[in-house]
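# Examination of the molecular architecture
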Amino acid sequence: MSGRTPGAVWWPASKAREVLAASTPTRSMPLAGGNGWVCCGPTASVWLGWTLLLLAACSSSSADGSPRPEVEQFSFVPKGWAAPFVGLRCEVVEDLLVDRFEVTRERWEFWRGRSDATLASLADWGQIDEGRHLPAVGMTYGEAEALAAARGMRLPTVAEWMFIAGGSRAQSWPHGNIRRVSVANTVEMGLGHLAPVGTFPGGASTGTGVEDLIGNVWEWVARPLPERVEPVAWRLQGRSPYALWAMGGSFQVSAQELFSFDGMRRFNATGLEAGHRADDLGLRCVVGARGYLLEHAPTWSQPALRERMLAVGRSWGRRAVPLLSRLVEEEGSARALAWLLEGAKG
């Protein structure tokens, strides 16, 4: 195939872990914000009736063809920490802007052309125009880092990813502490393939609003790895020999809690080589909120964008008010910051 790194490893990211197939009754579920419905069932033949659903927040351009500010698809995650195990803190040391969804094929292709690095074409994994709102897959760790850098962002660390997913309460699942198989694209859903990002809003993190953290695709994360914690995907093989992880599971594996203990502390992760490529391996990006907002807010300060910035602020909610209040008070602050604050206050 074209665009592959010579010598790169390729197999499904889930190969190293057991796959426990399960079934769940067929059900229909409304998508948040009136975006449509998902019909979910136990067989791979059950597909999403709204596969062609276009999620505006995931698109790199608006309906009129103008550039869409990246900020419109971010969630705001305030700094904080959680302790999934005694003596182990997962800490976010600064307020973050986080991709609400996994990076899509469309967004990958948009930024691939703006990266200084040579990144693989996703044509290896299917026609882009036939699934532009599906998660981007098939990139190595280095390519994931380069794509994030092209956006002025980075990959989350393991600790950040765990806090983003479980919140300050260190929930067992992003959606709470009770297992629900209808809120993520895992083996239990029976789809057998990728779903468009945002298909399962019921699985969003109650602490941060970030979606698709469980299932669909594994997500590359940055080092350092936590001490005395192993990836759950390696529980049958012992300790992972790899220095890199991907988090959250995929459509090819059963749903797993964010953290668990079976005589060894484990996170919902798998160990991978840096050159690994797979059809269920993707990414999401993060960036420090203060620096990003100060740099980019002037470009969102045209009157025509006011309503859009108010909507972004509303989606962030009260957790963004402290930072936005400080930024608005700074001399020469951009008008967009005041609009974001107005929206966040509700």
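The model shown is predicted, which means the values in this text are computed figures rather than measured ones.

The rules behind each value
- Residue positions within a chain follow its written sequence, with the count starting from 1.
- Confidence filtering applies because this is a predicted model: local features only for residues at pLDDT of at least 70, side-chain atom pairs given and counted only at 80 or more, and all residues used for totals across whole chains, interfaces and linings.
- With hydrogens and water set aside, each side-chain value is computed from the structure's full complement of heavy atoms.
- Working definition: helices are DSSP H or I runs of at least four residues, strands are E runs of at least two. Numbering for both runs from the N terminus.
- We call a residue buried when its accessible area falls under 20% of the maximum for its residue type, exposed when it is over 50%, and partly exposed in between, using a 1.4 Å probe and counting protein chains only.
- Nonpolar cores are built from buried Ala, Val, Leu, Ile, Met, Phe, Trp, Tyr and Cys residues. Side-chain atoms within 4.5 Å join them into one set.
- Any two residues whose heavy atoms approach within 4.5 Å at even a single point are treated as in contact.
- The rule for pairing is simple: two strands pair if DSSP sees at least two bridges between them.
- Axes, fitted as lines to C-alpha atoms, cover a helix only where it is in contact. Angles between the N-to-C directions of the axes lie from 0 to 180 degrees.
- By convention in these notes, a salt bridge is any Lys or Arg side-chain nitrogen within 4 Å of a carboxyl oxygen on Asp or Glu.
- An angle below 35 degrees is read as roughly parallel, one above 145 as roughly antiparallel, one from 65 to 115 as roughly perpendicular, and any other as oblique.
- By definition, any crossing whose near helix is turned counterclockwise from its far helix by less than a right angle is left-handed, and any crossing with a clockwise turn is right-handed.
- Note on residue classes: Ala, Val, Leu, Ile, Met, Phe, Trp, Tyr, Cys and Pro are nonpolar, Asp, Glu, Lys and Arg are charged, and everything else, Gly too, is polar.
- Taken from the helix axis, the directions to the C-beta atoms give the arc we talk about.
- The quantity called pLDDT is the predictor's confidence in a given residue, expressed from 0 to 100.

On to the overall build of the protein, then. Within the protein, the secondary structure is distributed over seven helices and 14 strands. Looking at the protein as a whole, 57% of its 346 residues are labelled buried.

Attention shifts here to the nonpolar core. Leu293, Trp300 and Trp316 are the most contacted members of the largest nonpolar core, which totals 54 residues. It is helix H7 (residues 335–345) that provides the largest number of residues to this core, a total of six residues. Leaving out residues up to four positions away in the same chain, Trp316 has contacts with Val71, Phe74, Ser75, Phe76, Leu97, Leu293, Leu324 and Leu340. Core analysis: the second largest hydrophobic core is formed by 28 residues, Ala82, Cys90, Trp161 and Val286 among them.

With that out of the way, let us pick up the sheet that holds strand E12 (residues 269–272). Read from one edge of the open sheet, four strands run E12-E9-E7-E13, paired in mixed fashion. One side of each edge strand has no neighbouring strand; the edge strands of this open sheet are E12 and strand E13 (281–282). Where strand E7 (residues 218–221) meets E13, two bridges bridge the pair, whose relative direction is parallel. Across the sheet, the residue bridging to Trp218 is Leu281, located in E13. Sitting on the sheet, helix H3 (residues 158–166) is in contact with E7 and strand E9 (244–247), with an inclination near 10° to E9.

Turning to its location among the elements, Trp161 is positioned in helix H3. With 71 residues separating them along the chain, Trp161 and Cys90 place their C-alpha atoms 8.6 Å apart.

All of the buried residues in H7 are Ala336, Leu337, Trp339, Leu340, Leu341, Gly343 and Ala344. Elements that come into contact with the buried residues of H7 comprise helix H4 (289–296), helix H5 (306–316) and helix H6 (321–329). Phi turns positive one or two residues past the end of H7, at Gly346, with a value near 80°.

Before going further, it helps to spend a moment on the pattern of salt bridges. For the coordinates displayed, the defined rule picks out 18 salt bridges. Across the pair Arg89 and Glu91 runs a salt bridge, and its minimum N-O distance is 3.5 Å. For Arg89, a relative accessible area of 45% gives the class partly exposed. By relative accessible area, Glu91 is classed as partly exposed at 36%. One salt bridge connects Arg132 with Glu106, and the closest N-O pair in it is separated by 2.4 Å. Here Arg132, found in the loop between helix H1 (105–112) and helix H2 (141–150), pairs with Glu106, found in helix H1; they are 26 residues apart in sequence, far enough to count as distant. Of the residues examined, Glu106 reaches a relative accessible area of 13% and is grouped as buried. Bridged by salt links that share partners, the residues Glu70, Asp99, Arg107 and Arg151 form one connected network.

As a packed pair, H5 and H7 sit with axes 6 Å apart at the nearest point and diverge in direction by 45°. Put simply, H5 runs oblique to H7. Seen from above, H5 lies across H7 with right-handed handedness. Residues Arg306, Met309, Leu310, Val312, Gly313, Arg314 and Trp316 of H5 pack against Ala336, Trp339, Leu340, Glu342, Gly343 and Ala344 of H7. Considering only residue class, the contact of H5 with H7 consists of eight nonpolar, two polar and three charged.

Burial in H4 covers these residues: Ala289, Tyr292 and Leu293. Along the axis of H4, the buried positions cluster into a sector of 95°, meaning they face one direction only. Close packing links the buried residues of H4 with strand E3 (74–77), strand E6 (96–99), strand E14 (286–288), H5, H6 and H7.

Further remarks concern the environment of Val93. Its location among the elements puts Val93 in the loop between strand E5 (88–92) and E6. Looking at Val93, the relative accessible area reads 60%, which means it is exposed.

Right, let's talk about the confidence of the model for the protein for a bit. Any residue range with low pLDDT should be treated as having predicted coordinates unsuitable for detailed reading. Summary statistics for the protein give a mean pLDDT of 82 and a share of 77% for residues scoring 70 or more. Scored below 50 in pLDDT, residues 1–57 makes 144 contacts in the model with residues more than four places away or belonging to other chains. A low-confidence stretch, residues 63–67 stays under pLDDT 50, and its non-local contacts, those more than four residues away or across chains, total four contacts.

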